[in-house]
Amino acid sequence: MSDIAAASKLHDKYTRFRILVIGRTNAGKTTLLKRVCNTTEEPCIYDDQGKNLFIFHDSPGFEAGDEAQLKTVQEFIRKCANATEVYDQLHAIWSPILTFISAHSY
C-alpha cells in the first residue's frame, strides 16, 4: 500500500482528532490553541456538531495540591481510553511547558 493510500485510509477512519490540552495555570494552553486555530479570539474549543476536524479540550490550569482537578482529568482520559468508537477516543495530549529565556546574550 502506498503512503498516499495509507494516509487516505487513516483519514477516512479518523474524521476528527481529539486533543486534550493540560498544564499549569498560565502555562500558555489557551495561547497555544489560539495560535493553532489562527485567532485572537477565544478559540472554538469543542464543536459538538462534528463540523471541525479537531476537537480541543482545554483543561483549567492545574494548581499544586488540587486533587479534584487531577481526578477529573484522569477520569476523562480513562473514559476516552476505554472508548470503543474512534470518535470518542483521545488522540493526543498537549502540555505546554513554560520556559524562561534570558534577555542577556552570551
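Here the residue numbers are simple positions, counted from 1 along each chain's written sequence. Thresholds applied to this predicted model are a pLDDT of at least 70 for local features of residues and 80 or more for the giving and counting of side-chain atom pairs; totals over whole chains, interfaces and linings are not thresholded and use all residues. Hydrogens and waters are ignored; side-chain quantities use all the structure's heavy atoms.

A. The arrangement of the sheet that holds strand β3 (residues 92-94) in detail. The strand order across the open sheet built from 3 strands is β2-β1-β3, with neighbouring strands paired in parallel fashion. Looking at the sheet topology across the chains shown, the edges are occupied by β2 (54-58) and β3. Across the sheet, the mean angle from the axis of one strand to that of its neighbour is 25°, orientation sign disregarded. By this definition, two strands are paired if DSSP reports at least two bridges between them. Only DSSP runs of H or I reaching four residues or more are called helices, and only runs of E reaching two or more are called strands; each is numbered from the N terminus. As judged from the 3 bridges shared by strand β1 (residues 17-21) and β3, these two strands associate in the parallel manner. When the bridges of β3 are listed, Ile19 appears paired with Ala92. Whether two residues are in contact is decided by their heavy atoms: any pair within 4.5 Å suffices. The axes used here are C-alpha line fits, helices contributing only the stretch in contact, and every angle between their N-to-C directions lies in the interval 0 to 180 degrees. Helix α2 (residues 29-36) contacts β1, β2 and β3 of the sheet and is inclined by roughly 165° relative to β2. Contacts between helix α3 (residues 67-81) and the sheet are confined to β1, β2 and β3, with β1 contributing the most and set at about 160° to the helix.

B. Highlighting α3. Take the residue count of a helix, subtract one, and multiply by 1.5 Å to get its expected span. Its 15 residues place the ends of α3 21 Å apart at the C-alpha level, agreeing with the 21 Å of an ideal helix rising 1.5 Å per residue. Buried, partly exposed and exposed residues are distinguished by accessible area as a fraction of the type maximum, computed with a 1.4 Å probe on protein chains only: under 20%, between the cut-offs, and over 50%, respectively. Looking only at α3, the buried set comprises Gln69, Val73, Phe76 and Cys80. Down the axis of α3, the sector holding all buried residues measures 55°, keeping them to one side. With respect to the buried face of α3, the exposed residues turned more than 90 degrees away are Glu67, Ala68, Lys71, Lys79 and Ala81. Of the surrounding elements, those touching the buried residues of α3 are β1 and β2. Along the arc lie the directions from the helix axis toward the C-beta atoms.

C. Here's a closer look at unusual backbone geometry. Positive phi, close to 65°, is recorded for Asn26, a residue that is not glycine. Its location among the elements puts Asn26 in the loop between β1 and α2.

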